[in-house]
Amino acid sequence: CDMQDKFKTMISHFEQVTHNSNRVLNAAKIMDMPVFATEQYPKGLGHTVPEIELAKFSIKAHEKTCFTMCLPDLMAELKSAQPETKSIILCGIETHACIHHTTLDLLDQGFQVHIPVDCASSRTETDRRFALARLRDVGAFLTTSECVILGFAADSAHPKFKGLQKIVMKSAPNTGLLDPL
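Description of the structure in this document.

What about helix α5 (residues 125–137)?
Here is step 1: The end-to-end C-alpha distance of α5, which contains 13 residues, comes to 18 Å, matching closely the 18 Å that a straight helix rising 1.5 Å per residue would cover.
Here is step 2: Those residues of α5 that are buried are in contact with α1 (14–30), α4 (95–108), β5 (112–116), β6 (120–121) and β7 (141–143).
Here is step 3: With its phi angle positive at about 120°, Gly-139 sits one or two positions after the end of α5.

What follows is the structure, given as structure tokens:
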């Protein structure tokens, strides 16, 4: 969600969050899961940073001006790609804006929402932490990128486990959530 050029210098721990989000993206593609991306007003904020490897997987970002990712065309694409979807993993920025509104909309539509906390950030740590706490309180599952990745194949006997294992062999970088405010 909205990991764009203009946000690089404004978002707390942007480099680490994009790195972790790209790990989740690569793991999801190993598992042949549908992945969707959005860009908030790309004319003014630029496009998704190349560190999020959308081109590698031929993923085209959906343009938007609202805070939610629940755009009619994106949701129709999801339903078409995987009609039995019950759970959504959200990575992106800003936690207190687009991740917040998308989570609320998805919960209202009956989806389970999983937010890897090391894949979401805001300009300030205060906004980030309080948004995550609120989202947990309304029913979102807070997790980590590594927990999500390993959860895709919870048995080392799974035929795609080795691909996931390669992704998590190096620990995810610190994104500051445990640092004092």
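Description of the side chain of Thr-175
Here is step 1: Along the chain, Thr-175 turns up in the segment after α7 (161–168).
Here is step 2: Taking relative accessible area as the criterion, Thr-175 reaches 5% and is therefore assigned buried.
Here is step 3: Beyond its immediate sequence surroundings of up to four residues, Thr-175 is in contact with His-13, Gln-16, Val-17, Asn-20, Val-117, Asp-118, Glu-125 and Arg-128.

Section: the pattern of salt bridges
Here is step 1: One pass over the full model with this rule turns up nine salt bridges.
Here is step 2: Between Arg-23 and Glu-146 there is a salt bridge; the shortest N-O distance is 3.9 Å. Within this pair, whereas Arg-23 is found in helix α1, its partner Glu-146 is found in helix α6 (residues 145–151), the two being separated by 123 residues in sequence.
Here is step 3: Arg-23 gets classed as buried once you look at its relative accessible area, which sits at 7%.
Here is step 4: Glu-125 is paired through a salt bridge with Arg-128; the nearest N and O atoms lie 3.0 Å apart. Of this pair, Glu-125 and Arg-128 both sit in helix α5, three residues apart, which is roughly one turn of that helix.
Here is step 5: Here Glu-125 falls in the buried class, since its relative accessible area comes to 14%.

What counts, and where the lines are drawn
Residues numbered from 1 in each chain as written. Predicted model: local features only at pLDDT ≥ 70, side-chain atom pairs only at ≥ 80, totals over all residues. Heavy atoms only, no water. Helix = DSSP H or I, 4+ residues; strand = E, 2+ residues; numbered from the N terminus. Expected span 1.5 Å × (residues − 1). Contact = heavy atoms within 4.5 Å. Buried < 20%, exposed > 50% of the residue type's maximum accessible area, 1.4 Å probe, protein only. Salt bridge = Lys/Arg side-chain N within 4 Å of Asp/Glu carboxyl O.

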